Amino acid sequence: MDLSKHAYFEGKIVPLADAKINIATHGFLYGTAVFGGMRAYWNEEKKRLFVFRPYDHFRRLLHSARMMAMPVEYDEESLIQITLDLLKTDQWKQDIYFRPSFYKADLGIGVRLHDLRDELCIFVIPFEKYVKNDTNAHVTFSSWRRIDDNAIPARGKVAGAYANSALIKTDANRSGFDEALVLDQNGHVSEGSAMNIFMVRDGVVITPPVTDNVLEGITRRTIIELARKELNMEVVERSIDRTEVFVSEEIFMTGTAAQVTVVTKVDHRPVGAGVMGPVASKLRTLYDGVVRAQNPKYAHWNLEVPQ
Ligand code: PMP
């Protein structure tokens, strides 16, 4: 994988090769880290890179840190400034994805959250398509359950919780599926391994509420707003039953990495007509324009990287 030439590590921008942690680091041993997954898009017309919704992403990262008892001294603005400095250093002229993490940085054994030092690091990778078949994905219901808010908070991005996502993803892929839908402990559809889920039923856009053990997705929030404002559709946040998926008109999944990934088959049953539907298709086009800073109405979500 192509990685950035530089990273943010222990308070400064350094060559990536120097951004190394010790094997005895707490965050590595116990998954006691929280992270964000963010993108910046290249706008060819303006010849500039734009970060998508950085304030919202960093706000969620700080909330994840709070859940894991990390009293970090950064705020949204200081994290944005570090990001701009890092992206400027490597002069990116293409779509990229970057990963800020706060991790428990002390060395040694002893599982806990308190009395440990927290550090920030960020690295960057060029954009890659996350789900190969993003207009016709075939997904399965995972035999794994989504982690519960009372086990590891699902509303934030806790590194250790991604062992759950990894189990889900690998079993789905090894069985020949592109992704999986995951039920929570109550048997409701929560989300995918790393994306939120939407269903269109009787012309209404439906997505599980943030109290159903889902990550509070920034793309989810973006899509809810675009569906309401641009497609004039009703959007309802409510629990989704497993078999509702089989009788829905459309299913799509959203995430910073997955963008808007369309599901056309669930466990060998076609969704609706078995091809990408009109709502997902329109939202994909709208989303692409918005993230690329081509839609002035949503320019407040695009932060230009100075050159
Ligand atoms: N759910 C999970 C479990 C995820 O890891 C992600 C990716 N961050 C999402 C949903 C989508 O969230 P976002 O739109 O903020 O990227």
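Residues numbered from 1 in each chain as written. Predicted model: local features only at pLDDT ≥ 70, side-chain atom pairs only at ≥ 80, totals over all residues. Heavy atoms only, no water.

A look at the overall build of the protein chain
Stage number 1. Looking only at helices and strands, the protein chain has 6 helices and 17 strands in total.
Stage number 2. For 307 residues, the compact-globule estimate of 2.2 N^0.38 gives 19 Å, and the protein chain sits close to it at 19 Å.
Stage number 3. Each of the three principal axes of the protein chain carries a C-alpha extent, and together these read 50 × 50 × 30 Å.
Stage number 4. Across the 307 residues in the protein chain, those meeting the buried criterion constitute 54%.
Stage number 5. The long-range fraction of contacts in the protein chain, counting pairs at least 24 apart against all pairs at least 6 apart in sequence, stands at 71%.
Stage number 6. Surface exposure of the protein chain reaches about 13900 Å², of which carbon and sulfur atoms provide 51%.
Stage number 7. Both charge centroids of the protein chain, one from 38 positive and one from 40 negative side chains, sit 3 Å from each other. (Helix = DSSP H or I, 4+ residues; strand = E, 2+ residues; numbered from the N terminus. Rg over C-alpha atoms; globule rule 2.2 N^0.38 Å. Buried < 20%, exposed > 50% of the residue type's maximum accessible area, 1.4 Å probe, protein only. Contact = heavy atoms within 4.5 Å. Areas by Shrake-Rupley, 256 points an atom, 1.4 Å probe, with all protein chains shown as cover. Lys, Arg positive; Asp, Glu negative; His and termini not counted. Charge placed at Lys NZ, Arg CZ, Asp CG, Glu CD.)

Things to note about the side chain of Thr 140
Stage number 1. Take Thr 140: it is sitting in strand 8 (residues 137–145).
Stage number 2. Excluding its chain neighbours within four sequence positions, the residues that come into contact with Thr 140 are Ala 172, Phe 177, Glu 179, Ala 180, Leu 181 and Asp 267.

A look at the domain arrangement of the protein chain
Stage number 1. Its domain assignment divides the protein chain into domain 1 (6–126) and domain 2 (137–291).
Stage number 2. Between the C-alpha centres of domain 1 and domain 2 there is a distance of 26 Å.
Stage number 3. In this assembly, 18 residues from domain 1 lie in contact with 20 residues from domain 2.
Stage number 4. Here domain 1 meets domain 2 over a buried area of about 1700 Å², counting both sides, of which 64% is carbon and sulfur.
Stage number 5. Counting the surface domain 1 buries against domain 2, the share from its top three residues, Phe 35, Phe 52 and Arg 60, is 34%.
Stage number 6. Counting the contacts that link domain 1 with domain 2 gives 1 salt bridge.
Stage number 7. For Arg 221, the salt bridge is made with Asp 56, and the minimal N-O distance between the two is 3.6 Å.
Stage number 8. For the pair domain 1 and domain 2, the number of links is 10 residue pairs in polar contact (both at pLDDT 80 or more).
Stage number 9. Per element, the largest residue contribution to the side of domain 1 that touches domain 2 is 5 residues, and it comes from helix 2 (residues 54–67).
Stage number 10. For the side of domain 1 that touches domain 2, the residue count by class is 9 nonpolar, 5 polar and 4 charged. (Domains from an automatic or database assignment. Buried area = accessible area lost by both parts, 1.4 Å probe. Salt bridge = Lys/Arg side-chain N within 4 Å of Asp/Glu carboxyl O. Polar contact = N/O pair within 3.5 Å; in protein donor to acceptor, adjacent residues only side chain to side chain. Nonpolar A, V, L, I, M, F, W, Y, C, P; charged D, E, K, R; others polar.)

Re the pairing of strand 11 (residues 196–201)
Stage number 1. Most of strand 11 sits out of view: 5 of its 6 residues are buried.
Stage number 2. Pairing of strand 11 with strand 14 (residues 250–255) involves 5 bridges; the strand directions are antiparallel. Bridge pairing in strand 14 links Val 200 to Glu 250.
Stage number 3. Summarising the sheet, strand 11 and strand 12 (residues 204–207) pair through 3 bridges and their orientation is antiparallel. Pairing of Met 199 across the sheet is with Ile 206, part of strand 12. (Pairing = 2+ DSSP bridges.)

Quick word on the site of the ligand
Stage number 1. Taken together, 16 residues surround the ligand, and among them Lys 157, Tyr 162, Glu 191, Thr 219 and Thr 256 come closest.
Stage number 2. Take Lys 157: an N or O atom from its side chain is 2.6 Å from a nitrogen atom of the ligand.
Stage number 3. Residue Tyr 162 places a side-chain N or O atom 2.5 Å away from an oxygen atom belonging to the ligand.
Stage number 4. Its free accessible area being 390 Å², the ligand has 95% of it covered by the protein chains.
Stage number 5. The site holding the ligand turns out to be the largest pocket.
Stage number 6. Of all elements in the fold, only helix 5 (218–229) and strand 14 reach the threshold of two or more residues within the shell around the ligand.
Stage number 7. Looking at the shell around the ligand residue by residue, the classes come out as 5 nonpolar, 7 polar and 4 charged. (Near = heavy atom within 4 Å. 1 Å grid on protein atoms, 1.4 Å probe; cavity = no way out; pocket = protein on both sides within 12 Å on 5 of 7 lines; lining within 4 Å. Sits in = over half its atoms within 2 Å of the grid points.)

Comments concerning the pairing of strand 9 (residues 179–183)
Stage number 1. Taking burial as the measure, the 5 residues of strand 9 include 5 buried ones, the bulk of the element.
Stage number 2. Side chains Glu 179, Leu 181 and Leu 183 of strand 9 all project onto a buried face; the interleaved residues Ala 180 and Val 182 project onto the opposite face, where all are buried too.
Stage number 3. In terms of handedness, the path from strand 8 via helix 4 (residues 162–174) over to strand 9 forms a crossover that is right-handed.
Stage number 4. Inspection of the sheet shows strand 9 paired to strand 10 (residues 189–191) by 2 bridges, in the antiparallel sense. Within strand 10, the position partnered with Val 182 by the bridge is Glu 191.
Stage number 5. Linking strand 9 to strand 10, which pair antiparallel, is a turn of 5 residues; within it Gly 187 sits at a positive phi near 85°. (Right-handed = clockwise from strand over helix to strand, strands pointing away.)

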